[in-house]
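The residues making up each chain are set out below.
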Amino acid sequence: MELRQYMVEFSLPMALTEEFITRIPEQRAKINSLMDAGVVMCYTLNLERTKLWTVIVANSETAVMDLLAQLPLISFMKATINELTFHHQSSLVMPSISLN
């Protein structure tokens, strides 16, 4: 099955409860793991902390929903999923190390 890219837009609650805040480290760890695995391409929070965006690589929208269900903060957020035609991002290039 062909891998596709999906943009997920999350609406966050206006008031962040203590339960929400205590789950943030677990959420970050899960996202970092998914990024390391190449499943999550980017993860972006707006300045007002009301919207969160991520690009996910998956076989289907159902697979994206299954992945979202694993996120520690999903019960606090409303997610909208859109399949993308493309998503381009620049690669971070590390400078060459000189032994001189």
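Our structure is the block above this text.
A brief report on the enclosed structure follows. Nothing here was measured: the structure is a model prediction, and the numbers come from that model.

As a further point, take the pattern of salt bridges. Here the structure, examined in full by the defined rule, presents two salt bridges. Between Arg4 and Glu83 there is a salt bridge, with its nearest N and O atoms 3.7 Å apart. Taken together, the residues span a long stretch of sequence, with Arg4 in strand E1 (residues 4-11) and Glu83 in strand E4 (residues 78-83) at a distance of 79 residues. For Arg4, a relative accessible area of 36% puts it in the partly exposed group. Note on Glu83: relative accessible area 46%, which makes it partly exposed.

Taken in spatial order, the four strands of this open sheet run E2-E3-E1-E4, and their pairing is antiparallel. Each of the sheet's edge strands pairs with one partner strand only, and the pair in question is strand E2 (40-45) and E4. This sheet shows a mean twist of 15° between the axes of neighbouring strands, independent of strand direction.

What counts, and where the lines are drawn
- Residues numbered from 1 in each chain as written.
- Predicted model: local features only at pLDDT ≥ 70, side-chain atom pairs only at ≥ 80, totals over all residues.
- Heavy atoms only, no water.
- Salt bridge = Lys/Arg side-chain N within 4 Å of Asp/Glu carboxyl O.
- Helix = DSSP H or I, 4+ residues; strand = E, 2+ residues; numbered from the N terminus.
- Buried < 20%, exposed > 50% of the residue type's maximum accessible area, 1.4 Å probe, protein only.
- Pairing = 2+ DSSP bridges.
- Axes fitted to C-alpha atoms, helices over the stretch in contact; angles between N-to-C directions.

Keep in mind that these numbers describe shape and distance, not what the molecule does.
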